[in-house]
Amino acid sequence: MDNHHHLNPILEEIIEITGQNPNLCYQCGKCSAGCPVREFSDIAPNKVVRYLQLGLYDKALESKAIWLCAGCLTCSSRCPKNYELASLMDALREIAIKNGNKIPEQNVYKFHKSFLDPIRLFGRSYEIGMLIGYKLSSFKFMQDMGFAPETLLKDKMGFFPHVI
């Protein structure tokens, strides 16, 4: 018998994806105190969890915080409850895309997509394909172009993908 039958469908999905219930967080704030991207975000990581605890799912799903999370696991290592907050952020990004929520950090989303698309196609990362995909989708054609000659001359990126 499903022991989550009384929960909101988004909360059920979070629990299914992460194996964790955000309601177990007691808001000590250690995750936010150590977060290296906190200063660039609209809200602190523990506030994302608090929105979920209060049932404000769209506020959590449409926050910049879930897109700016670097997945560095600093939050998880500091949590006295051993809550995997980085895993929650991944799940929230997945749910936001699936549900059609507004994505405030479009270029971060485009970068994620351009990274994952070549993996779906070739079974592994393909850096040139990823860069081309990102540049075309974000219209940031000249950004970082100063690194291109050195990177290509040092053979750091292959022109053709390796297929698995």
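The structure presented is a predicted model; accordingly, all values stated were derived computationally and were not measured. (Residues numbered from 1 in each chain as written. Predicted model: local features only at pLDDT ≥ 70, side-chain atom pairs only at ≥ 80, totals over all residues. Heavy atoms only, no water.)

Regarding the overall build of the protein
Okay, so step 1: Summing up its helical and strand segments, the protein has 10 helices and 0 strands in all.
Okay, so step 2: For the protein, the succession of helices and strands along the chain, N to C, is α-α-α-α-α-α-α-α-α-α.
Okay, so step 3: Looking at the protein as a whole, 37% of its 164 residues are labelled buried.
Okay, so step 4: Once local pairs closer than 6 in sequence are excluded, the contacts in the protein between residues at least 24 apart make up 59%.
Okay, so step 5: As presented, the protein carries roughly 10200 Å² of accessible surface, and 58% of it is formed by carbon and sulfur atoms. (Helix = DSSP H or I, 4+ residues; strand = E, 2+ residues; numbered from the N terminus. Buried < 20%, exposed > 50% of the residue type's maximum accessible area, 1.4 Å probe, protein only. Contact = heavy atoms within 4.5 Å. Areas by Shrake-Rupley, 256 points an atom, 1.4 Å probe, with all protein chains shown as cover.)

Some details on the packing of helix 3 (residues 45-53) against helix 7 (residues 85-99)
Okay, so step 1: The interhelical angle for the contact between helix 3 and helix 7, taken along N-to-C directions, is 60°, at an axis separation of 11 Å. The pairing of helix 3 with helix 7 is recorded here as oblique in orientation. Considering the relative orientation of helix 3 and helix 7, their crossing is left-handed. Touching Pro45, Val48, Val49 and Leu52 of helix 3 are Leu85, Leu88, Met89 and Leu92, all from helix 7.
Okay, so step 2: By residue class, the composition of the contact of helix 3 with helix 7 is 8 nonpolar, no polar and no charged. (Axes fitted to C-alpha atoms, helices over the stretch in contact; angles between N-to-C directions. Parallel < 35°, antiparallel > 145°, perpendicular 65-115°, else oblique. Left-handed = near helix turned anticlockwise from the far one by under 90°. Nonpolar A, V, L, I, M, F, W, Y, C, P; charged D, E, K, R; others polar.)

Topic: a nonpolar patch on the surface
Okay, so step 1: A grouping of Phe111, Phe115 and Leu116 is seen on the molecular surface, where their side chains present a nonpolar patch of about 260 Å² in accessible area.
Okay, so step 2: In this fold, Phe111 is placed in helix 8 (residues 106-122).
Okay, so step 3: Since its relative accessible area comes to 40%, Phe111 is described here as partly exposed. (Patch = residues over 30% accessible without salt bridge, like charges linked within 9 Å, V, L, I, M, F, W, Y side chains within 5 Å. Salt bridge = Lys/Arg side-chain N within 4 Å of Asp/Glu carboxyl O.)

Focus: the nonpolar core
Okay, so step 1: One finds Ile14, Val48, Leu52, Ile66, Leu85, Leu88 and Leu92 to be the most contacted residues of the largest nonpolar core, which totals 28 residues.
Okay, so step 2: Counting residues per element, the ones that place at least two in this core are helix 1 (9-18), helix 3, helix 4 (57-61), helix 5 (65-68) and helix 7.
Okay, so step 3: With residues near it in sequence (within four places) discarded, Leu88 still touches Ile14, Thr18, Pro22, Val49, Leu52 and Tyr83. (Core = buried A, V, L, I, M, F, W, Y, C linked by side-chain atoms within 4.5 Å.)

As for the side chain of Asn21
Okay, so step 1: Note on placement: Asn21 falls in the loop between helix 1 and helix 2 (30-34).
Okay, so step 2: Among the polar contacts made by the side chain of Asn21, one reaches the main-chain amide nitrogen of Asn23 at a distance of 2.8 Å.
Okay, so step 3: Setting aside its immediate chain neighbours within four residues, Asn21 contacts Leu11, Ile15 and Tyr83. (Polar contact = N/O pair within 3.5 Å; in protein donor to acceptor, adjacent residues only side chain to side chain.)

Quick word on the confidence of the model for the protein
In low-pLDDT segments, the atomic positions of the prediction should not be examined closely.
Okay, so step 1: Mean pLDDT over the protein works out to 84, with 79% of the residues at or above the 70 mark.
Okay, so step 2: Within the protein, the lowest mean pLDDT, 64, falls on helix 10 (residues 148-153), and the highest, 97, falls on helix 3. (pLDDT = per-residue confidence, 0-100.)

Regarding helix 3
Okay, so step 1: Judged by how many residues are buried, helix 3 sits mostly within the fold: 7 of 9 residues are covered.
Okay, so step 2: Regarding helix 3, the residues found buried are Pro45, Asn46, Val48, Val49, Tyr51, Leu52 and Gln53.
Okay, so step 3: Considering only its buried residues, helix 3 is in contact with helix 1, helix 2, helix 4, helix 5 and helix 7.
Okay, so step 4: Directly beyond the C-terminal end of helix 3, a positive phi value near 80° is found at Gly55.

Some thoughts on helix 1
Okay, so step 1: Within helix 1 the residues assigned to the buried category are Ile10, Leu11, Glu13, Ile14, Ile15 and Thr18.
Okay, so step 2: Where helix 1 is buried, its residues meet helix 3, helix 4 and helix 7.
Okay, so step 3: Two or three places before Ile10, at the opening of helix 1, Asn8 has a side-chain oxygen 2.7 Å from that residue's backbone nitrogen.

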